Amino acid sequence: MKLTRAASQAAGRRPGLKTLSDDHYRTAEELSFAFSILLVRPLPHLEAALLFEKLWDEANAAAVACETERAALSYVELLKDMDRRWRNMRALN
């Protein structure tokens, strides 16, 4: 069932995102900020890798949940940026 834009806004949901019951997806900007914080935190590599995987899965799920291709593009761009930055990172602090 797709929600109309007005119904989404009336329900307090972001337009362009499909939500199932009480599921909530952070915006691409919020996920990007969380990823930037992850990159500067002094964490062991394994812990950072696990957190990266959780952020990746969340961004991917949010992209899949988008009702329109246009709405998903910000998440796809985020995933590309996360991949590039993670692969090019020499070492964690």
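Before any of the text, the structure's been laid out above.
Sequence positions are assigned chain by chain, starting from 1 and proceeding in written order. This being a predicted model, a pLDDT of at least 70 is required before a residue's local features are given, and a value of 80 or more before pairs of side-chain atoms are given or counted; all residues contribute to the totals for chains, interfaces and linings. Side-chain numbers here rest on the full set of heavy atoms in the structure, without hydrogens or water.

S.K.: Could you give me a rundown of a nonpolar patch on the surface, with the residues and numbers involved?
M.R.: Excluding any residue in a salt bridge, patches collect residues exceeding 30% relative accessible area, merging like charges within 9 Å and nonpolar Val, Leu, Ile, Met, Phe, Trp and Tyr side chains within 5 Å. Each accessible area is a Shrake-Rupley estimate made with a 1.4 Å probe; only the visible protein chains count as cover when residues are assessed. What counts as a salt bridge is simple: a side-chain nitrogen of Lys or Arg found within 4 Å of a carboxyl oxygen of Asp or Glu. A contiguous nonpolar surface patch, about 300 Å² in accessible area, is contributed by Phe33, Ile37 and Val40. Within the element layout of this structure, phenylalanine 33 appears in helix 2 (residues 28–40). Helix and strand labels come from DSSP, where a helix needs a run of H or I of at least four residues and a strand needs a run of E of at least two; each type is numbered from the N terminus.

S.K.: Give me the nonpolar core: which residues, what numbers.
M.R.: Formed by 22 residues in total, the largest nonpolar core has its most connected members in Phe35, Leu38, Leu55, Tyr75 and Trp86. Put simply, the parts of the chain that give this core at least two residues each are helix 2, helix 3 (45–65) and helix 4 (69–88). Sorting elements by how many residues they give to this core places helix 3 first, with seven residues. For tryptophan 86, the residues in contact, after removing those within four places along its chain, are Phe35, Leu38, Leu39, His45, Ala48, Ala49 and Phe52. Nonpolar cores are built from buried Ala, Val, Leu, Ile, Met, Phe, Trp, Tyr and Cys residues. Side-chain atoms within 4.5 Å join them into one set. Note on classification: 1.4 Å probe, protein chains only; a residue is buried when its accessible area is under 20% of the maximum for its type, exposed when over 50%, partly exposed between these limits. We call two residues contacting when some pair of their heavy atoms lies within 4.5 Å.

S.K.: Can you break down helix 3 residue by residue, with the values?
M.R.: Helix span, expected: 1.5 Å multiplied by one less than the number of residues in the helix. When the terminal C-alpha atoms of helix 3 are compared, their 30 Å separation across 21 residues agrees well with the 30 Å that a helix rising 1.5 Å per residue should span. Ala48, Phe52, Leu55, Ala59, Ala62, Ala63 and Ala65 are the residues of helix 3 that are buried. Where helix 3 is buried, its residues meet helix 2 and helix 4.

Keep in mind these numbers describe shape, not what the thing actually does.
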